[in-house]
Amino acid sequence: MRIDVKNAAFCLVDVQERLYPHMTNKDEVEKNLLTLVKGLQLHEVPFIINEQYKKGIGETIPSLRELVDDYPHFEKTTFSCCKNEETMIAINTLGKKQIIVAGIETHVCVLQTCIDLLQAGYKVILVTDCVTSRKQNDTDVAITRLVQAGVIPTTYESLLFELTVNAKHPQFKGISALVK
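These numbers come from a predicted model, not from an experiment.

## A short note on the overall build of the chain
Right, on to step 1. In terms of regular secondary structure, the chain is built from eight helices and six strands.
Right, on to step 2. Along the chain, from the amino end to the carboxyl end, the secondary structure elements read β-α-β-α-α-β-α-β-α-β-α-β-α-α.
Right, on to step 3. By the compact-globule yardstick of 16 Å for 180 residues, the chain fits well, its C-alpha radius of gyration being 15 Å.
Right, on to step 4. Principal axes of the C-alpha set define a box for the chain whose edges measure 45 × 35 × 30 Å.
Right, on to step 5. Going through the 180 residues of the chain one by one, you find that 49% of them count as buried.
Right, on to step 6. In the chain, the proportion of contacts linking residues at least 24 apart, taken out of those at least 6 apart, comes to 80%.

Right, here's the structure in full:
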């Protein structure tokens, strides 16, 4: 299955201030997330931003927050974004069939969100270098489980060029500059 920019939306899961400092590979994942978000913005992919219990875990990390402030944000207490009615209404309203997912923690909120999106009939694309957990093994096992369940794994660079399709695409130079 090709990932198509006209049929894709992005779901960012719980990349929040008080939880993020405890993640493995956090600096690399943050850099990857920033590149992914900027690239998806160049392609005008719609965003859904999710935040778990903001009173306890805080806002989206500052580096991402400044890029995603203008998109719809949904606070939740459920682990799966899909168990939050407002989030699912927003996703369904977008009318997209492919949902790109990134965020934390891979083995809890990301995993449950992806499985619920699959069950809701969406094609789910997991950006594997834009997810993390406190323990690397949790991330690794969650990605394996999700792939076995039918989630499509990719990396931010592969995804951005797949959405670009052609070196003559108007966003090709911008995407190329982002991934350098």
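## Notes on the environment of aspartate 4
Right, on to step 1. Relative to the assigned elements, aspartate 4 resides in the segment before β1 (8-13).
Right, on to step 2. Remark: the alpha-carbon pair of aspartate 4 and methionine 88, spanning 84 residues in sequence, is separated by 21 Å.
Right, on to step 3. Residue contacts for aspartate 4: discarding those within four places in its chain leaves Gln98 and Leu163.

## A few points about the pairing of strand β4 (residues 98-104)
Right, on to step 1. Most of β4 is tucked away, with seven of its seven residues classed as buried.
Right, on to step 2. Burial along β4 is two-sided: Gln98, Ile100, Ala102 and Ile104 facing one way and Ile99, Val101 and Gly103 facing the other are all buried.
Right, on to step 3. Sheet topology note: the β1/β4 ladder contains six bridges and is parallel. If you follow alanine 8 over to β4, its bridge partner there is glutamine 98.

## Brief notes about the environment of glutamine 52
Right, on to step 1. Turning to its location among the elements, glutamine 52 is positioned in strand β2 (residues 47-52).
Right, on to step 2. Residue class for glutamine 52 comes out buried when judged on its relative accessible area of 9%.
Right, on to step 3. Note: C-alpha distance between glutamine 52 and aspartate 14 (38 residues apart in sequence) is 5.7 Å.
Right, on to step 4. What glutamine 52 contacts, discounting residues up to four positions off in sequence, is Asp14, Gln16, Ile57, Lys76, Thr77, Thr78, Phe79 and Cys109.

Thresholds applied
Residues numbered from 1 in each chain as written. Predicted model: local features only at pLDDT ≥ 70, side-chain atom pairs only at ≥ 80, totals over all residues. Heavy atoms only, no water. Helix = DSSP H or I, 4+ residues; strand = E, 2+ residues; numbered from the N terminus. Rg over C-alpha atoms; globule rule 2.2 N^0.38 Å. Buried < 20%, exposed > 50% of the residue type's maximum accessible area, 1.4 Å probe, protein only. Contact = heavy atoms within 4.5 Å. Pairing = 2+ DSSP bridges.

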